[in-house]
Every structure is written in C-alpha cells, then in structure tokens.
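These are the residues of each chain, in order.
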Number of protein chains: 4
Amino acid sequence: MTIELSMFKNIGIIAKQGDPRVIGCLQALVAYLHQRQLDIMVDATGAKLLSDQNVKIATNTEVLGGCDLVIVVGGDGTLLHAARLLAKYDVSLLGINLGKLGFLTDICPTEMEPHLNAILNGIFLEEERFLIHAEVYREDECLSYASALNDMVIHRWSISHLLTFKTTINGHFVNWQRSDGIVIATPTGSTAYALSAGGPIIHPSMNALVLVPICPHTLSSRPLVVDGDSCIEITIDTGQTGQAQLNGDGILSQHLIPGDRVVIEKRQYIRLIHPQGHDHYATLRAKLDWGKAL
Amino acid sequence: MTIELSMFKNIGIIAKQGDPRVIGCLQALVAYLHQRQLDIMVDATGAKLLSDQNVKIATNTEVLGGCDLVIVVGGDGTLLHAARLLAKYDVSLLGINLGKLGFLTDICPTEMEPHLNAILNGIFLEEERFLIHAEVYREDECLSYASALNDMVIHRWSISHLLTFKTTINGHFVNWQRSDGIVIATPTGSTAYALSAGGPIIHPSMNALVLVPICPHTLSSRPLVVDGDSCIEITIDTGQTGQAQLNGDGILSQHLIPGDRVVIEKRQYIRLIHPQGHDHYATLRAKLDWGKAL
Amino acid sequence: MTIELSMFKNIGIIAKQGDPRVIGCLQALVAYLHQRQLDIMVDATGAKLLSDQNVKIATNTEVLGGCDLVIVVGGDGTLLHAARLLAKYDVSLLGINLGKLGFLTDICPTEMEPHLNAILNGIFLEEERFLIHAEVYREDECLSYASALNDMVIHRWSISHLLTFKTTINGHFVNWQRSDGIVIATPTGSTAYALSAGGPIIHPSMNALVLVPICPHTLSSRPLVVDGDSCIEITIDTGQTGQAQLNGDGILSQHLIPGDRVVIEKRQYIRLIHPQGHDHYATLRAKLDWGKAL
Amino acid sequence: MTIELSMFKNIGIIAKQGDPRVIGCLQALVAYLHQRQLDIMVDATGAKLLSDQNVKIATNTEVLGGCDLVIVVGGDGTLLHAARLLAKYDVSLLGINLGKLGFLTDICPTEMEPHLNAILNGIFLEEERFLIHAEVYREDECLSYASALNDMVIHRWSISHLLTFKTTINGHFVNWQRSDGIVIATPTGSTAYALSAGGPIIHPSMNALVLVPICPHTLSSRPLVVDGDSCIEITIDTGQTGQAQLNGDGILSQHLIPGDRVVIEKRQYIRLIHPQGHDHYATLRAKLDWGKAL
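Residues numbered from 1 in each chain as written. Chains lettered and ligands numbered in written order. Predicted model: local features only at pLDDT ≥ 70, side-chain atom pairs only at ≥ 80, totals over all residues. Heavy atoms only, no water.

Novice: If you had to explain the interface of chain B and chain C to someone new, which residues and values would you point to?
Specialist: In this complex, chain B contributes 37 residues to the contact, which on the side of chain C involves 37 residues. Here chain B meets chain C over a buried area of about 3100 Å², counting both sides, of which 62% is carbon and sulfur. For the pair chain B and chain C, the interface holds zero salt bridges. If you look at where chain B meets chain C, you find 18 residue pairs in polar contact (both at pLDDT 80 or more). Of all the elements in the fold, those that place two or more residues in the side of chain B that touches chain C are β10 (172-179), β12 (201-202), β14 (224-227) and α7 (280-288) of chain B. Two strands pair when backbone bridges link them, and β14(B) and strand β12 (residues 201-202) of chain C are joined in this way by two bridges, in the parallel orientation. Pairing of B:L224 across the sheet is with C:I201, part of β12(C). (Contact = heavy atoms within 4.5 Å. Buried area = accessible area lost by both parts, 1.4 Å probe. Salt bridge = Lys/Arg side-chain N within 4 Å of Asp/Glu carboxyl O. Polar contact = N/O pair within 3.5 Å; in protein donor to acceptor, adjacent residues only side chain to side chain. Helix = DSSP H or I, 4+ residues; strand = E, 2+ residues; numbered from the N terminus. Pairing = 2+ DSSP bridges.)

Novice: Summarise the relation of the copies chain B and chain C; cite the residues concerned and give the values.
Specialist: Here the second copy of the chain follows from the first by a rotation about an axis and a shift along it. The operation relating chain B to chain C is a screw motion whose rotation component is 180 degrees, with 0.0 Å of axial translation and a residual RMSD of 0.1 Å. Both copies are brought into coincidence by an operation consistent with a two-fold rotation axis. Among all residues of chain B, the one whose C-alpha sits closest to the rotation axis is B:P200, at a distance of 3.3 Å. Both copies present the same face, since 100% of the interface residues in chain B are matched by interface residues at the equivalent positions in chain C. (Least-squares fit on C-alpha atoms with pLDDT ≥ 70 in both.)

Novice: I'd like a rundown of unusual backbone geometry, residues and numbers included.
Specialist: Positioned with a positive phi, A:E139 is a non-glycine residue whose angle comes to about 50 degrees. Among the secondary structure elements, A:E139 is positioned in the loop between β6 (124-138) and β7 (141-148).

Novice: Can you tell me about the nonpolar core, naming the residues and giving the values?
Specialist: Counting residues in each nonpolar core, the largest one holds 60 residues, and the members touching the most others are A:V183, B:V183, C:V183 and D:V183. Apart from the residues within four sequence positions on either side, C:V183 is in contact with C:D151, C:M152, C:V153, C:Y193, C:A194, C:A197, C:V210, C:L211, C:V212 and C:I214. (Core = buried A, V, L, I, M, F, W, Y, C linked by side-chain atoms within 4.5 Å. Buried < 20%, exposed > 50% of the residue type's maximum accessible area, 1.4 Å probe, protein only.)

Novice: So what about the sheet that holds strand β13 (residues 208-214) of chain B? Which residues, and what values?
Specialist: Spatially, β17(B)-β16(B)-β8(B)-β11(B)-β13(B)-β14(B)-β12(C) is the arrangement adopted by the seven strands of the open sheet, whose pairing is mixed. For this open sheet the edge positions go to β17 (251-256) of chain B together with β12 of chain C, each flanked by a neighbour on one side alone. Both β13(B) and β14(B) contribute to a ladder of four bridges, which runs antiparallel. Counted as the bridge partner of B:L209 is B:V226 from β14(B).

Novice: I'd like a rundown of the confidence of the model for chain A, residues and numbers included.
Specialist: Looking at chain A, the pLDDT average stands at 93 and 95% of residues meet or exceed 70. On the interface metric, ipTM, the complex scores 0.95, and its pTM is 0.96. (pLDDT = per-residue confidence, 0-100.)

Novice: Can you break down the state of the cysteines residue by residue, with the values?
Specialist: Covalent bonding between the sulfur atoms of two cysteines is what defines a disulfide. For the structure shown, the criterion picks out zero disulfides over all chains. No disulfide involves A:C231; its sulfur sits 13 Å from that of A:C142, the nearest cysteine. C:C215 carries a free sulfur, and the closest cysteine sulfur to it, the one in D:C215, is 4.5 Å from it. Among the residues examined, C:C215 registers a relative accessible area of 6% and is labelled buried. (Disulfide = S-S within 2.5 Å.)

Novice: An account of the pairing of strand β7 (residues 141-148) of chain D is requested, with residue identities and associated values reported.
Specialist: Residue and element names in this part refer to chain D. Bridge count for strand β6 (residues 124-138) against β7 is seven bridges, and the pairing is antiparallel. Considered in β7, the bridge of I132 is made with A148. Hairpin connection between β6 and β7: a loop of two residues separates the two successive antiparallel strands, and E139 in this loop has a positive phi of roughly 50 degrees.

Novice: Residues and numbers for the domain arrangement of chain A, please.
Specialist: All names here are of chain A. You can read the domains of chain A as domain 1 (10-122) and domain 2 (131-267). Opposite the seven residues of domain 1 that make contact, domain 2 presents nine residues. At the boundary of domain 1 with domain 2, total buried surface from both sides reaches about 630 Å², with 76% on carbon and sulfur atoms. Among the residues domain 1 hides against domain 2, the three largest losses belong to L80, R84 and F103. Together they make up 72% of the total. Of the charged contacts, one joins R84 and D249 as a salt bridge, the two residues approaching to 2.7 Å between their closest N and O atoms. (Domains from an automatic or database assignment.)

Novice: Give me the sheet that holds β12(B): which residues, what numbers.
Specialist: Spatially, seven strands are ordered β12(B)-β14(C)-β13(C)-β11(C)-β8(C)-β16(C)-β17(C) in an open sheet, and the strand pairing comes out mixed. What marks the edges here is a single partner per strand, and that holds for β12 of chain B together with β17 (251-256) of chain C.

This is the structure in structure tokens:
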C-alpha cells in the first residue's frame, strides 16, 4: 500500500469540551491520521478523551500554533475558540462537526475520511477569514482587549434602561443611539447573532464590517456596512445609568461603565480549509432552509 | 366670578422623581387647582418640591387611591408607575408631560389650564387601559408577582448564551424558542419596547396581547397577537445555562433560573382621561414622524 | 355493517382546477361518501375529472350553498375561492390538501378516511372565520366590490413610482403613506402575504384586522392592528402618477386611479371544520419550521 | 475685482423637468457662472426655462459629456438621470437641490454661491460612484440593456402570483425564491428603494452590491451583500405565470417573461463633487432622523 505524502506534516487537534459525542469522532480521526503516519498533537481536552491512545499532548498554544494544520472537532463555537487562540500563528484550520452542519465546521463525521484523504493530498479550498480586535479605554487607559472571529457585541446588562452610546467610524461621528446595544460583525459573523438582530448576510470573501443596532429606539436605525479596514469607536454615554458589557464571540470581555470607549478594528487572519467543492451558498441554503417552500 | 363645579372633587398629584423641570409645572398646577377650590393631595415627591405651599401630603397609596382624579406630572414612565400603584383603586388618571409629548402623558404644560378647565367641567374622553400581571413559579411555589401597564419582558441576563424557553398559550404549546428573550405587551405597551423589538402597533382599544421574540435564532419567529384574555406561560429550559430576568414595565421583578415558569394574564384596569379631541393616530404621527417625508 | 348516520347529509365538493393530483384524492373521496350513502354534489371542475362516476353536478353556486358541508380538495387557494363563493350561504367548509399541509386545508389525503369518519359522526372542531369586503368609489359612485378571506391588497401596478395614499380608520385620519402599497388582512390572512410584508401573526379567533405597509418609504411605518369591526378607507392621492390595483385574495378586483377610495370592512363568515385535536400552533410550527433549530 | 481661475472651464447644466421651482435656482446659477466668465452649456429642459438669457444649448449628450463639470439642478432623481446619461464620459457631477436635502444633491440653493466659489477654486471633495449595467437575455439573444446608479429591480407586474426566480452569483447557484421581486442595489442605491425593502445601508466608498428580496415567501430570505465585481444573474422560472419587469433606477427597462435571464454587473463610474466638509453620516442623520429622539 502506498501512503501519499501529505502536504500537512504536523497535525494539531482541538476538541470541543464537555460533549461526549466528540469521543467517537476523535478516535476515528486519530486512527486515520496514525495510519497516514502523521505527527499528531492533541489539546488537553482531546487528550483526556483519548487517554488510552498514543498521542502527544499540546501542553501550550504555541505547540498547536507550530502545526501545519489544526483540525477542530466540534461545532462552530469550538472553531471560533480555536481561531481566537491561533490567529497569531501561521496555521490552517479545518472543522469537523458532530453531525450538524456548521457555517465553519462543514465536514460531517460520516464523510471525514474521504475528505481528509483529498485535503491531505493537497486537494482543497483555502480561504482567509479576518478577526476583529477590541480595546476598551477608560480615561485614556486601555483596560482590556479581546479578539473575535464572529462579532463584538456591546449589550446593556441591567435591563431597566436602554443603552445610550455614540458611534464614530474613522473619527467621523455617526450617531447617538438608544438601544439594547450594537453588534459589530465580520462577514463570518454576519450569519450568527448579527443575523438575529436584523443584519444582512455578507459574503465571507468581503472586506467589510457590519454594525447592527439591537432593538433600537429610533426605528430608522438600520444595519450599516462599512469597509473592513474601518476603525469603529463606541462610547458609552456619561449620563448612562445601568451597565453594559463587551462580548467577543459571545464571551464576556469587559464590563463597561459610562464614558468607556471601545475601539474595534480588523486584526489578524486565519486560513480556513474546506473540501474541494465547498460552496458557501449551499451552506446558507441548508442552514436557512432556503428553497424549502418551493 | 363663577367657579364651575368640578366633577372631580378630590385631586391627587403624582410627580416625577429627580427631574427639576417638574417644579414649575407642579406649582402652576397646584395654583390652578387651589383657585378652583379643589381638595389636593400630593405624593411625597411632589410635596417635597412644593415645600412652601399649602398642600396635603398623601402619606400612603390608599389616600391617592381615594381621589376622584390623579394627575401625573412627568413622562410616560411616571404614568406607568402611577398606573401600577393605583390599578386596584377606582381612580382616573390624567397625564401632564414636561414639554415632550408622551403616548400616555398627552397634555403639554403650556396647554394645561384650558385643558384642565374643560376636563374638570366634565368635557373629556375616558378610556380603559388594562394591566397585565405576572407570577413566577419555582417548583409550584409562587416566588413573586408583578404588574405592568406596558409589558412583561423576559430577557437573558448574562450575555454569553441565548435564552431557551417554551411558550404555551391557554395550555396549548406554541414553541421552544432560542432568543434574547420575549416581550409580552399590552396594546398600551405595543408602542414601547415591543415596537423596537419588531412588534406591530396595536390600537389601545383592543383586547389583545402581543408576544414579540427578541432577536430570535429562528428567523421565522414572528410577533404573535392573541386574545387579551389569554393565559401565557413561559418556561425557562431546564438545560439553560446563564440567567434570565423578568421585568415589568422595565423594572426588575425577578431573577429567573432554569425551570422557572412565568404566568402572565390580564388583570385590573386604569381609566385614562384625555382632553376632548384626543386622537391616538395624531400621537402616533407625532411620535413616529409619520408623513414627515411627504 | 352498520352505517352511522352522518350529521351532514348533503355533501358538496369543490376541486382545485388544473392540478392532475386532485383526481386520485377526489375518486377516493367520492367512493368513501358513496359508501356512507350520502348525497354528493360536485362542482364543474370536479365533475369533469370524475366523468365516469355517478355524481351529481352542481350547476350553480346556489346548489353548493344548499349543502350541509362542502369539502374542498386542493390547496389553501382553492379553499379561499370556496369561501368567497359560499360566504353568503349557511354552509360548513372542510379542506383536504394534496399532500402539503395548508393553513386552511389541514387534512392530508392519507388521513382522509379516519378524519372523515369522525367528522361525519359529529366529532370535529368548528370555527368561524370572517371575510372582508371592499368597495371602490370613484367620485362617490361605487365602481366595484370584492370579498376576501385572507386580504385586500392595494399595490402599485406600474413600477416607476411609489404609491401615495391616505388611510383613515373609522373616519380618523391615520397617515399619508408612500410605499409599494398596503395589505389589509384578516387573522386568517395574517399568515399569508401580510407575513411576507412584515406583519404579525394574529390568532384566527381574534376579531382584528391588520394594516401592513409594503416597503414603506418612511421607515417608522409599521403594521397596525385594529378592531375587526373597523371601517378602513384608503384614498389614492390625486397627485399620484402611475396606477394601482386592488386585489382580493390575490385576484385582481379593480384598477385604481388617483382619487379612488377603497372602503374595507368585515362582512360575512364561513364555518371551518377541523378534525378533533386540530391545533393552530401545530400548523404554525410545521409551516414556519419553528423549533427546527433546537 | 480679481476673478479666480476656475479648474472647471466648461460647465454643463442639467435641470429637473416639470418643476417650476427650478427656474429661480437656475437663473441664480447662470448669473453666477456668467459673472465667473465661464462657458455654460444648458440642457434642453434648462434652456427652455431660461429662454431670455444668453446661454448655449447642449443639443446632444456628447456636448454635455465634453464639459469639465455638469451641475444638476433638481432632486436625486435628476442626478440619477444625469449619471446614467454621462457615465461614459469623463465628467464630474455636482448636485444642487431645490430646498430638500438629497443623498446625491447635497447643496441647498441658499448656500449655492459660497459652495460654488470654493468648488470652482478647487476646494472640494470628489468621490467615485459606480453604476450597474443589466442585460436581458431571451433564449441567448440579448433583448435590451440598461444602466443604473441606484438599483436594478425585478418586480412582478401582475399582482396575482408571487414571482419565482433563480439567483446565481458568479455562476454559483444561490437559491430559488418566491417573492414580489428583488432589488440589486449599489452602495449609492442602498439608501433608496433597497432600504424600504429591508436592506442595510452600505457606505458609498464600498465596492459592494446588495441583493434585497422584496416581501419573500420564505421568511429566512435576507439581504445578501456581495463583492461589487460579482456577476449576478436572475432567471425567471419557466413555470412562472404572470409577468415581471426590469427597472433601472425606477424606470421600466424591459418586460420579462418566463425563462428570461437578467445579467447584472458593475460598469462605468461617475465622479461626484461635494463641498469640502461633506459628510455622508451627516446626510444619513438628517434624512433618517437619527438622534432626533435623544
């Protein structure tokens, strides 16, 4: 039997936490990669699930960052986590889902082997997806920062009042807004929370950001699509009562108080690997039930 | 000079808290009512602002509830507060705003005297507005309850996950929903937060409730208008992580945990007094800028 | 074998036109009703499809109107047609679909026999659904009128300009609007075109109408729910260029010119028969894919 | 008196048709340009209004296309017309409105002279706005074509049925859709009809197109933002009954029948001149009443 030479030599694996369905997929994946005689490096979550198998454990992020390809086993949330973790390294990401098609994890476990065969043999699609970075300033001091592949969300936290905030883009005043908050989403994130809040779908190849107001008081407030290289600044009104939160990809990054400024910009990329023939519109049709009624 | 006999003998006054603009309007109101030789009973907030004038202080809600007419000086929020306070008494409410037209407080300070003249002489419109009542059950024990003239809102509180909950109406299962939450609004509340969340405008004369999903994950989730006498029950998914809140008219009523049930029903009415010629559509046109573009 | 006495003695049948899938269902239906020894009266469309069978042909609407029960074989469109035809008679309607669940035609062909058994034996749900009636006035002369179970739609016909029109409700001016047009829908119609135009879902038991602007120029124009007994009047702006149409249930009723007035009011009812256990929310869940994502 | 040398030597003028308010503005404009001793060339509409003044008449489009600057006096519609007319020439456009701020005609008559002073002295902002071009194919023959600065709209024409059509982007199948039609808008057009149909606002500097479904039957159909260099193809379903229209900037371009294909692509640019300090967000705030409620 001839083993094809893979263009990816060192394979990292990141597994979804706390989901027992991962184990079977992970075992099959590791067995397959062993058979291909590739170096495998598994994150702590995955290693725990594979305790009895002969795998190396990635003791820190840097080790995974040194891999040629990192395979994510889980849902879109796990791939978002991997992307934030590895964005600063030169690594490609591939997502295997747990049976339910994801926007980012588009390989089903049942089709894993033929797809991996092709991909490891160099037949695949590769696309760049950019992340956004947020910095929170309080009186000119940077309090904290965060990265996100999908979105940064500024949301009121205590319910009793709408949030009042100012938006500027590249230093140009856009508006004062009273709402539940605002989503600043990448094209990748345009099919996530931004869509629920009323935003458009943005093709992932675009260099664009979308600002989507959440339940705005002014009914003419609408989603706004701007250049991906824009610098977006949200300032919480100093007269604001109640509190706000900044969340990156749905994870709490910072509690915000009146006067806080959040500065959001594109920073870093990941490379996403898809099987040959991958089609974003097919994923949209499947996930959004388009055409079902016809 | 002949003083007309007022059909309202005992006048209560409720003033907005913490807004210095109230004072001038309050003084003019009290001076006018004194001149009409009517009994005046002012709530604690108003009494403090009128310290030097000869007014009786309403030491408890019951005293205000015993008035024929309670005049609210402030914004819609103050009238909501007054309505919840007085719904169990047989009292009429009249709203005087602080310069900005409200949906409920529709008399401007500058037009106060002629309008009051007419109203006290028996020339006015009267309409009933119903309140809704919510009870929170945890394992069949009623934890707390609340009333609202506008809306009950169940909203996720921690940001990281959507809220998962079940809705039933009169015992009929409607759906499981993942969203930021849900608004259950009266017709009165249909022009408040429910409108920002995408709900329709419901004429205040209708016996209806509207359920408006907030940023629902399923894009075909839509506002649902049901009979005002419906019993609506929202149950937080037992698998839910993160927390939720129940708010009545924007005021925190109860923190909710997985398994909690919120039962919402119509209960109690207030009578709202308007000047003759009051027109709900005129208020909508003014507040929503309808027709501005033509 | 004992034949149960049916509470419906004379059964009318209305069949969808131009759909070959009707034949099989129609033949099975007629065979079943013959077996139950009931009088059957088939409309012209159905009779043509059943040429070889022993059925009486309903030569005019009055004959169908004299039946106790009219069974509609087709989709919701066929039932809308039957409802408009028979609203002035005292007749009950039952809808059998052609394999795809409808909001109105909720019996699947495969479940036809057991459902008919129960219904003919008197076990069923019955609900009233009201129709709306539109009259078009040109200089105080009534040009034409139409009925609809779902909706009246006033829509621009030539594309180049938005339509400008005035809305009044019970003589009260609502607004001037520039838009593609307006839908005035019954609760029955709230899940049809009105839903696509952004309207809410209204429970069919409600006595309500909803006015839904179609692509309005003013972004704060929103669906408006009013009492079912309201008289709604739409007047085309005399300065309007281009043309408009009035459509009842999607069927052209009248071309409209500047100055034309359309007066819309509730008129007439039909009785809709459902199998025991019918649940409007179950139909909503099935048709709108609610809960699919969970 | 020193006359500054203008960087624009030959000035064309295009006037709105059929609006008497144009005359005053036009006369003031011509007087001003005469005083600046510039060559003026007026289109037929403008020339008729200025019959008594000493102006040259542009007898054909080519003459206007040869100007350095064409000043449009009217509303956004007049500027759209001028843009389509002159896109193939190397000419700059400047818009003077008739008192109502436009997105494209952003100079008010009252501020005309100081703004023109600065602009003619070389102090101004210039931006490119791209047009889209549509070709209609029937059985592989190109029937007709059209250009638009705002949008191409495919809209059903007879009302009784939704339109069924297929969308592809760069040859990739997107979906089959049933709806009232679809808007394909440039960033310039994103604040026009596309906005009424539910589309996002796209910054005019972006190289993007947005596809906005009009009242789609499938509620998960949503606006889709794609690269400005995409080739969009809409094919009318061969089973479609009823008719459709293609409109460019709201002007009828072609009646469409089942099987027709409309191919839409970016083509040609215009240069839009704005006064120094022009701010797109200020225009949005003014036109959409943002911030009014605060």
